[in-house]
Amino acid sequence: MHTFRKYKNSHLQVPVKAPLHFNEVTGNEEMGLLIAKLKAIFAEAKEQEREVVFLCIGSDRYIGDSLGPLIGSMMQENGISHTVYGTLEEPVHAFNLKAALKDIYRQNRNPLVISIDASLGTKEQVGNVLFNEGPLVPGKALEKMLPEVGDYHFQGIVNYLDPLPSSQFLNDTRLHTVMKLAKLITEIIVDSDSEQ
């Protein structure tokens, strides 16, 4: 089961239902609502002369952390019309995040940043997608001190915390889970970008 959640989205004209649930029964309806919300965000950014930038955070060196770069590469392969930072070829991760943020604000006119990252949750939440207004705190589960990023953010829950050391999840995450989440989030973004 996949779950979409959206909070604090009062400035958009699109009605918000929280939480939004995605599964085999409600999937098309809930995906449609999220696509409509993203279209509204893109339209609002255009009206305000803001450039939409996707910041896909993670590393291709660990399966559990590869969600962001996979989505970044998939968006580029699908010809998304917005700027994308963080791909399998050029990932954005803990060591270059600050430099990437400087580049985003230097290269893009008043950017509206949508960040994307892998996340940990409970065992029951694995496979869920969260979409929220406000910044993402990357590296929080691993207790890394990184800057908050994004006006909006996606999180794909790729694994859960257990008694193992917190960094162990990077090695124990199933590629199947990461690929399903990457395809799902990419599909939503690409569908939202059509007819822009």
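The preceding data block contains the structure.
Description of the structure in this document. (Residues numbered from 1 in each chain as written. Predicted model: local features only at pLDDT ≥ 70, side-chain atom pairs only at ≥ 80, totals over all residues. Heavy atoms only, no water.)

A word on the packing of helix α2 (residues 67-77) against helix α5 (residues 175-193). One can describe the packing of α2 onto α5 by two numbers: an axis separation of 9 Å at closest approach and a directional angle of 45°. Taken together, the axes of α2 and α5 lie oblique to each other. Here the hand of the crossing between α2 and α5 comes out right-handed. Note on element contacts: α5 touches α2 through V178, M179, L181, A182, K183, I185, T186 and I189, opposite L67, L70, I71, M74 and M75. (Axes fitted to C-alpha atoms, helices over the stretch in contact; angles between N-to-C directions. Helix = DSSP H or I, 4+ residues; strand = E, 2+ residues; numbered from the N terminus. Parallel < 35°, antiparallel > 145°, perpendicular 65-115°, else oblique. Left-handed = near helix turned anticlockwise from the far one by under 90°. Contact = heavy atoms within 4.5 Å.)

Another aspect to go through is the layout of surface pockets. Reported here for the second largest pocket is a volume of approximately 200 Å³. Around the second largest pocket, the lining comprises 12 residues; the ones closest to its centre are F42, K46, R50, V52 and H82. The dominant element in the lining of the second largest pocket, judged by the number of residues it contributes, is helix α1 (residues 27-47), at three residues. Per-class residue counts for the lining of the second largest pocket are three nonpolar, four polar and five charged. (1 Å grid on protein atoms, 1.4 Å probe; cavity = no way out; pocket = protein on both sides within 12 Å on 5 of 7 lines; lining within 4 Å. Points joined across faces, edges and corners; volume = space filled by probe spheres on them. Nonpolar A, V, L, I, M, F, W, Y, C, P; charged D, E, K, R; others polar.)

Moving on, we get to the packing of aromatic side chains. The tally for this structure, following the rule as stated, stands at three aromatic pairs. Note on F42 and F54: the rings are 6.2 Å apart at their centroids and 80° apart in plane angle, and the pair reads as edge-to-face. Of the two residues, F42 sits in helix α1 while F54 sits in strand β3 (residues 52-56), which places them 12 residues apart along the sequence. Of the two residues, F42 and F54, neither departs from the other in class, the shared state being buried. The interplanar angle of 5° and the centroid separation of 6.0 Å between the aromatic rings of F131 and Y152 together place this pair among those described as stacked. With F131 in strand β6 (residues 129-133) and Y152 in strand β7 (residues 152-160), the pair connects residues that are 21 residues apart, well separated along the chain. Residues F131 and Y152 agree in their burial class; the two are buried. (Phe/Tyr/Trp six-rings, centres within 6.5 Å; stacked < 30°, edge-to-face > 60°. Buried < 20%, exposed > 50% of the residue type's maximum accessible area, 1.4 Å probe, protein only.)

To continue, consider the pattern of salt bridges. Tallied over the entire structure, the rule returns three salt bridges. Of the charged contacts, one joins R50 and D151 as a salt bridge, the two residues approaching to 3.6 Å between their closest N and O atoms. Remark: D151 occurs in the loop between β6 and β7 and R50 occurs in the loop between α1 and β3; sequence separation between them is 101 residues. Notably, a salt bridge pairs D103 with R106, separated by 3.5 Å at the nearest N-O pair. (Salt bridge = Lys/Arg side-chain N within 4 Å of Asp/Glu carboxyl O.)

Quick look at the pairing of β3 now. Burial analysis of β3 places five of its five residues in the buried class, the great majority of the element. Pairing analysis gives five bridges linking β3 to strand β5 (residues 112-121), with the strands arranged parallel. The partner of L55 across the bridge, within β5, is S115. Pairing analysis gives three bridges linking β3 to strand β4 (residues 83-85), with the strands arranged parallel. (Pairing = 2+ DSSP bridges.)

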